[in-house]
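The residues making up each chain are set out below.
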Amino acid sequence: MPEPTKKDETPNGQPEESVAPDSNGALPLPEISLEISPPPEAVAEEKEPVETDGKKPEATEPEPLQAVVAQEPSPTENGSNQPQPGGVGVKEQTESGNSTVKEEGPCSPPPNDEDDAAATTPSPTPHAEDANSLKKLSVELPNDSVPATGRKDSVWSLGDGQGPDDLEKPVDSPPQSTLMIESPQSAVIPVGGDITFVAKVEAKDLLRKPTVKWFKGKWMDLASKTGKHLQLKETFDRLTKMHTFEMHIIKAKDNYAGNYRCEVTYKDKFDSCSFDLEVKEAEQGSQNFDIRSAFKRSSEGQEDAGELDFSGLLKHREPKQDDTPEVDVWEILKNARPDQYEKIAFMYGITDLRGLLRRMKKIPREEKKSEAFTKKLDPAYQADKGGKIRLVVDLADPTVDLKWYKNGQEIRPSPKYIFEMKGTQRIMVINNCSLNDDAAYSVAAGDERCSTELFVKELPVKIVKNIEAVKTTVNERIELECEVSEEGAQVKWMKNGVEVPTGVRSRYRVKCEGTKHFLVIDDASREDTGTYSIMATGGTSEAHVQVDLKPLKIFQDLHDMKVLLGQPIQLHCEIYPGNVPGRWYRNGQLIQPNDRINILHKNKSHRLEVAAGSLHDAGDYTFVPEGYSQSLSAKIHIIDPPRVHLESMNFPDNTVTIVAGNKLRLEIPISGEPAPRVVWMKGERVILESGHRTRAETHGDQTSLTIDVTEREDTGNYKIVLQNEAGEATASVKIKVVDIPDPPEAPLVPEVGGDWCSMTWEPPKYDGSSPILGYFIERKKKQSSRWMRLNFDLIKETAFEPKKMIEGVPYEVRIFAVNAIGVSKPSEPSKAFTPLAVTSEPTMLVVDDVTDTTVTVKWRPPETIGAAGLDGYLVEYCIEGTDDWIVSNTELTEKTKHTITGLTPGTKILVRVKAINAAGASAPRTIQHSVLVKEVIEPPKIRVPRHLKQTYTRRVGEAVNLVVPFMGKPRPKVTWLKDGTAIDPTHVSIRNTDCDSIIFIRKAERSHSGKYEMSVQVDSHVDTAILDIQVVDLPGPPQCVTIEDVWGGNVALVWTPPKDNGNAPITGYTIQKADLKTMEWYTCIEHYHRTCITITELVVGNEYFFRIFAENMCGPSDAATQTKKSALIVKEGMQLKTHEFSDHDFMEAPKFTQPLINTSAIAGYNATLNCSVRANPRAKVIWMKNKIIILDDPRYRMFSNQGVCTLEIRKPSPYDGGMYTCKAINDLGEAQVECKLEVKGGFTFYELMQRGVPLHLIDKYMNEKVVDQEK
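We now turn to the structure provided with this report. (Residues numbered from 1 in each chain as written. Predicted model: local features only at pLDDT ≥ 70, side-chain atom pairs only at ≥ 80, totals over all residues. Heavy atoms only, no water.)

### Considerations on the environment of Asp884
Take Asp884: it is sitting in the loop between β59 (872–879) and β60 (886–887). For Asp884, the residues in contact, after removing those within four places along its chain, are Tyr877 and Cys878. (Helix = DSSP H or I, 4+ residues; strand = E, 2+ residues; numbered from the N terminus. Contact = heavy atoms within 4.5 Å.)

Printed below as a string of structure tokens:
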């Protein structure tokens, strides 16, 4: 059995249609819905849903056919309008011609629920001739044939006791929408036609876009049905601030007809509008008479004629031509279920449903007995809103599973839905019924199912306390009160039959306190007079409100006044009542308050105050009380002496500036009452109106001076004289004629550089009566005629330095003066000049040597040498305290070293050096401090390097090469002592220079260890330093190694430290073991600090020997001490025989497999030297430069990995070039390879000084570099 669906939908997916109201616009009566589910076959033939994507959905479950019948209240004994249980009142509308019933609803406020929204949409007014065709009929619907009960939707009722005659009373149309300013309208289109429905919302007061939904019927949301036949569109016009929402229906079909609804939501605001779409079909010929025509409306008096005419309730359709009119409809009805009668009647054109039901009732039929249910659900149930209902079925088998459904959805137990079992009875209780519970319910027991309908009746809301009439005056507060029978009820307030607007901008406020409803008007006006009513679903109440004006009394009237110009004006009057506002008028124009005009109202006093009266304030003043026809009037006269308003011209110091050659028209406002006589004068000369080039004119409230072509002579003071009967006024205006300045004089070039020059000039004699803003400078080559501007920004000063000129090329420059008017003519060109650059100053000027009569200085060449080259150097000196510089060399010297001779001992001199070329002498380079001409004794000071301030450690055989720098003058005497005794020169080589001392030991021995004392002596000054040199060697082996105990797989060893520790403390021991079979030694443990150990995990049956190496900072000892006895790891009952064998000798002297290669390096970039050596035992690798061992030099890094030897030289300089040697030594011999390293791109003298290279090495390097360059 198909699952029943929601009864608010029609078989074609169309919304229910209601009977149109009468022509007087009366509200529609309540309605009731009858639902009969059609069979699946009928649905498959008739149902055609709205297509959205070009495909028809499968008809799996039929939709119920819905007939909507208007319910009319029936009078009872108490006069109430309750529905009768035995029947339903209906309203019939006859139709003439091709007229159809359409439903068209205006926009309305949001309803309580969706059922109310559809039930309360009124239909358009029918024709006048059809308005009186409404008739009252009664229909009895037996419970065993039609499952329908009375249902009263929540609609706006006409009140208790209102008869049908009241429908004729005219009712004003409802108010317009609060959101939509344009609503979609009903329309008629042919099948296959296109149509567009438009809704517009004004966005002026909205912060965001409103939400719009389109519905068909009550529930179908069209947003999910869009496709090729239905399209939704939204646009926004930024100019008009209007949202436009459109629904396009393309190629409409007949099943597209029906009622549609548009809903607009924005925050707490809601608006909706219903409209109809009618799709016309092609007319067809009339049918032959058959059984279907027997149940169409024939007359009213016949008993068999039905009282329920579907043609007046459902959408009118022309009957389709039936190809098989001989169908036996009675046989189809006999075999169909009762809930399918209405669908079958609709399919075969039977409109008299009442007669059909009566005939079917008379036909005996055999009821099919249910196998699962002994008692099924009733066809329909009715419950009051808020009440409780029990749905009961009896089961034939109590053990069968039972499921309850609501609109096809399974119901789960909850506080609202309670399931009970009593024997074979199964009960579902629905608590607190609401309109949402109004639905189709079914129960399934196994494969069998029965269904029913639940109708929830909403009680009408009655008026408990009526509105009282109000009579008041303007500006008072009006509050209308009404009390209803239910809290939270929806009511409508009406004024003269039109709904009262209650929006944000409305004057009306609506509030609700429980069952009381209020309509409040805070500030009443005469327009609020009218009849106000409140409408509820159970009745209405109305009252008349009258708003009148208060009587006006004048206590003080306005009086005429004469006011001096600029003096305040005050108009005052007193009227009663005091709270009546009013408006002030001047010469019929409304006066608005501003900064100058102040309007005061206090009680009965009304005052108009003008801060300073003007000529415009003169006139007739009127005060009009609001709401009254009376007015108060007075006249104001203004008296004004003549005045010249120069301040309005905004001229600084009353000075007018104009460019020469332009026309000047100076218009100055004047005032005075009466109009004054005006005279213009320059000095003693009066300017007439008939002047040729200069003339004066006066028109109305202004006077003007005109000069057609201004000249420099027009500059001066002009006087204006005004006279009238009230007095006299004068004013002066200064006219200043400005022009471009005169050209400056030719500029002067006092100084010339390599690519620049300095130039100066004088300002022009005449500045054009405007300050000089700056100057433009231009230059050109003397042979050229093309001038080039040097500055684009004005130069304020009268001096400039042109740059970026070519040396040796003659140039000329000229000047332009600029003021606010323009640019002057160019000045005369300057005298030609040729740029020529001198060199920069010499660098690194230092004192090289000082004696009693000479001072030797040296320097480096200038960093920049101009195009003129470098001719030589000029050395000058002066006695300290004087400015008399003496030239030391009469002829220029090309060398960078010079000795000044013939000096007096004991004097202090300053020395400077200049570089000379064709452009002249460069800036001098001066020694910062004065030089004392005396061989000064400098106390000696030894500068011990940081790494020598602690013990200096070297291994035996390594070279010791220590450089200890010192200071002192004259050359100090250096002596060395070892442990307080003189050093044997045959073992230790010492070499002394002026600034350092070198101690060199080619092969260090342990006897070279000790403390070396260095003494530096200059006269009686002595400085000493002590160097601690420690020469270390490998330690000797331990003295004795014995096996103390053997147990299991363990051996305990004990030994004594070695006699010779290698001049360094013992850091640990290495213990090795060897099996007697192979005598291959394996290390058990390294860096062991104790002198006893237990060796574990030895193999049973093996015989082991043990040996121990001693270790210090140099490494392990060359030899090891072996145990004299072996340790046999035995197992009881077993003997192990060992075999002797000889080891292969892998010993080999050092041999280089890859020699060094001559390499070239770039100064400042790291360089590496690589070679490979093979030796056994491992060879000791020594690197040498120029046959001197490289030791502890941070500029060198030495690596050795798997026989590959690498020397890295960090950022080499030319000083690092030379012959490099790699030497490998072991006990079997030695080998060496060498290569030459050449460093390209050397350093300057200054860079070598910064790197800390000694001066004698720098001199040596510089001399070698000069020799290499000469080669």
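### A closer look at the side chain of Ser997
Here Ser997 lies in strand β72 (residues 996–1001). Only 2.5 Å separates the side chain of Ser997 from the side chain of Asn992, close enough to count as a polar contact. Look past the residues within four positions of Ser997 in its chain and what remains in contact with it is Leu962, Val963, Val964, Phe966, Val974, Trp976, Ile990, Arg991, Asn992 and Met1014. (Polar contact = N/O pair within 3.5 Å; in protein donor to acceptor, adjacent residues only side chain to side chain.)

### Section: the pairing of strand β49 (residues 716–724)
Inspection of the sheet shows strand β45 (residues 677–682) paired to β49 by six bridges, in the antiparallel sense. Residue pairing across strands places Met681 opposite Lys719, the latter belonging to β49. Pairing analysis gives nine bridges linking β49 to strand β50 (residues 727–738), with the strands arranged antiparallel. Bridge pairing in β50 places Ile720 opposite Ala731. Taking the residues between adjacent antiparallel strands as the criterion, β49 and β50 are bridged by two residues. (Pairing = 2+ DSSP bridges.)

### A few points about the sheet that holds strand β74 (residues 1021–1032)
Across the sheet, five strands lie side by side as β67-β74-β73-β69-β70; this open sheet has mixed pairing. Each having just a single partner strand, β67 (952–955) and β70 (981–982) make up the two edges of the open sheet. Relative to β74, β67 is paired through four bridges, and the arrangement is parallel. Bridged to Arg954 within β74 is Val1031.

### Re the environment of Ile467
With respect to the helices and strands, the residue Ile467 is situated in the loop between β24 (463–465) and β25 (470–473). When its relative accessible area of 7% is taken as the criterion, Ile467 is described as buried. Sequence-wise, Ile467 and Glu542 are 75 residues apart; in three dimensions their C-alpha atoms are separated by 6.0 Å. Once residues within four sequence positions are removed from consideration, Ile467 is found in contact with Leu480, Glu481, Cys482, Trp493, Tyr532, Ser533, Ile534, Ser541, Glu542 and Ala543. (Buried < 20%, exposed > 50% of the residue type's maximum accessible area, 1.4 Å probe, protein only.)

### Let's talk about the packing of aromatic side chains
By the definition in use, this model includes 11 aromatic pairs. Aromatic pair Phe197 and Phe275: ring centres 4.6 Å apart, planes at 35 degrees, arrangement tilted. Of this pair, Phe197 sits in strand β8 (residues 195–202) while Phe275 sits in strand β14 (residues 269–280), placing them 78 residues apart in sequence. Just as Phe197 is buried, Phe275 falls in that class too. (Phe/Tyr/Trp six-rings, centres within 6.5 Å; stacked < 30°, edge-to-face > 60°.)

### Here we look at the side chain of Lys495
Along the chain, the position of Lys495 falls in strand β27 (residues 492–495). In this structure Lys495 is buried but unpaired, with Asp528 as the nearest side chain of opposite charge at 4.5 Å. Here Glu527 takes part through its backbone oxygen, which lies 2.7 Å from a polar atom of the side chain of Lys495. With sequence-adjacent residues up to four places away left out, Lys495 is seen in contact with Val500, Tyr508, Glu527, Asp528, Thr529, Thr531 and Tyr532. (Lys, Arg positive; Asp, Glu negative; His and termini not counted. Salt bridge = Lys/Arg side-chain N within 4 Å of Asp/Glu carboxyl O.)

### Points about the nonpolar core
One recurring pattern in soluble globular proteins is that nonpolar side chains are buried together. Counting residues in each nonpolar core, the largest one holds 26 residues, and the members touching the most others are Phe197, Trp214, Met247, Ile249, Tyr260, Cys262 and Leu277. Taken together, the elements giving at least two residues each to this core come down to β8, β9 (211–216), β12 (242–249), β13 (258–266) and β14. (Core = buried A, V, L, I, M, F, W, Y, C linked by side-chain atoms within 4.5 Å.)

### Details of the pairing of strand β91 (residues 1218–1226)
When you tally the buried positions in β91, you get seven out of nine residues, the bulk of the element. With six bridges joining them, strand β87 (residues 1180–1185) and β91 adopt antiparallel strand pairing. By the bridge assignment for β91, Lys1180 is matched with Ile1225. Here β91 pairs with strand β92 (residues 1229–1240) via nine bridges, running antiparallel. What sits directly across from Cys1222, in β92, is Val1233. Between β91 and β92, which pair antiparallel and follow one another directly, the connecting turn spans two residues.

### Thoughts on unusual backbone geometry
Phi is mostly negative for residues that are not glycine, and the peptide bonds are mostly trans. Here the residue pair Asn1176 and Pro1177 is connected by a cis peptide bond, since its omega of 5 degrees sits within 30 degrees of zero. Assignment of secondary structure puts Pro1177 in the loop between β86 (1167–1176) and β87. A positive phi angle, near 55 degrees, is found at Asn603, a position not held by glycine. Within the secondary structure, Asn603 sits in the loop between β38 (597–602) and β39 (605–610). The exposed category is assigned to Asn603, whose relative accessible area is 58%.

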